[in-house]
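Spelled out from the first residue to the last, the chains are:
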Amino acid sequence: MKEIHEELRNAILSAIPSSNLVLFYAPLIGSGTTIPCRVSSANNGTGTNLKWKTLKSGLVVPDFDGTAYIRNATANWRSADSQGAILVLFRCTSVTVDRTLLGSPDEATGDDYLHFSIAPTTGLLRVAQVDHGGNLNLVTGATNVGDSKWHTGALISTGTAWSILLDGVAETLTVAQGANNGDWFADTVNRDCIYVGANKAPTLAALLIGQIGLVAVYSAAPTTAEILRASNRLKSLVP
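Described in the following lines is the structure provided in the data block. (Residues numbered from 1 in each chain as written. Predicted model: local features only at pLDDT ≥ 70, side-chain atom pairs only at ≥ 80, totals over all residues. Heavy atoms only, no water.)

Quick word on unusual backbone geometry
Move 1: Going from Ala 201 to Pro 202, the amide bond is cis rather than trans, its omega being 0°.
Move 2: Of note, Pro 202 is situated in the loop between β17 (199-200) and β18 (204-205).
Move 3: The backbone phi angle of Asn 190 is positive, close to 65°, even though this residue is not glycine.
Move 4: Mapping Asn 190 onto the fold places it in the loop between β15 (174-177) and β16 (194-196). (Helix = DSSP H or I, 4+ residues; strand = E, 2+ residues; numbered from the N terminus.)

Quick look at the structure:
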């Protein structure tokens, strides 16, 4: 079984574009609370209430039950990055409330945060960003991903605009509030940490129900072709 795990793990690792990669959680064979970052140990996460689910393929992934999350306590993480991308392999089984893929908030006040999540009820991928002036920018995709199926979601910022890709294909975006201005980590001050599967702004909320196979963050986005290729390879490895 270990050989099967190693083969699958290596296939997933090799599917990810490596240029400009600044965070990579791929806890595919895990136990305990430390979630290693494969780029830098300074970005290691700490898991709370994580359980581990073995998929039909033999992969072992974190199972988020609405109480579980991963947190890294690096203040103002990537504060010089004004553009980049977040790529998540995930499965969401409930959209009764907002469900976090990755968030970076000011935990004390909730006045500042960058949040890539799944919208309540509709199940649409969305980005929400609040700057220090209290201005909310909220942009959503067009496809319900709360269907209990595995997907890849990519949030990309050029520095002036966001795009959202679902399974490697660009979503039609709707500006629900504010503007699609591409604000990124550099534009979101006073952040205390990084969350996977939850957000705290200022109370812990938006907890995911489902599984996450990996999280990758980039300081400059891979090309659309690279994301599509990675998505196709990743989805072939999960049921």
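Considering the pattern of salt bridges
Move 1: What the rule picks out here adds up to five salt bridges.
Move 2: Here Arg 71 ties to Glu 107 by a salt bridge, and the two come within 2.8 Å at their closest N and O atoms. Residue Arg 71 is found in strand β6 (residues 69-72), and its partner Glu 107 is found in the loop between β8 (99-105) and β9 (113-118); the two are separated by 36 residues along the sequence.
Move 3: Looking at Glu 107, the relative accessible area reads 13%, which means it is buried. (Salt bridge = Lys/Arg side-chain N within 4 Å of Asp/Glu carboxyl O. Buried < 20%, exposed > 50% of the residue type's maximum accessible area, 1.4 Å probe, protein only.)

Digging into the sheet that holds β8
In any sheet, the strands associate via hydrogen bonds between backbone groups, in a parallel or an antiparallel arrangement.
Move 1: Ordered by their spatial adjacency, nine strands build an open sheet running β2-β3-β6-β16-β8-β9-β10-β11-β15, and the pairing between neighbours is antiparallel. Of all the strands in the sheet, just β2 (34-35) and β15 have a single pairing partner and so form its edges. (Pairing = 2+ DSSP bridges.)

Some remarks on the nonpolar core
Move 1: Phe 90, Leu 125, Val 215 and Val 217 are the most contacted members of the largest nonpolar core, which totals 36 residues.
Move 2: Elements supplying a minimum of two residues to this core: β1 (21-25), β7 (84-92), β8, β9, β10 (124-130), β13 (162-166), β16 and β19 (209-218).
Move 3: Ranked by residues supplied to this core, first place goes to β7 with four residues.
Move 4: Here Val 215 is in contact with Leu 23, Phe 24, Tyr 25, Leu 87, Val 88, Leu 102 and Val 196, once residues within four sequence places are set aside.
Move 5: By size, the runner-up hydrophobic cluster in this structure holds 24 residues, among which are Ala 15, Phe 24, Trp 150 and Leu 234. (Core = buried A, V, L, I, M, F, W, Y, C linked by side-chain atoms within 4.5 Å. Contact = heavy atoms within 4.5 Å.)

Thoughts on the pairing of strand β3 (residues 45-48)
Move 1: Along β3, the buried face is formed by Gly 45 and Gly 47; none of Thr 46 and Thr 48, which line the opposite face, is buried.
Move 2: Sheet topology places β2 next to β3; two bridges connect them, and they run antiparallel. Looking across to β3, one finds that Thr 34 is bridged to Thr 46.

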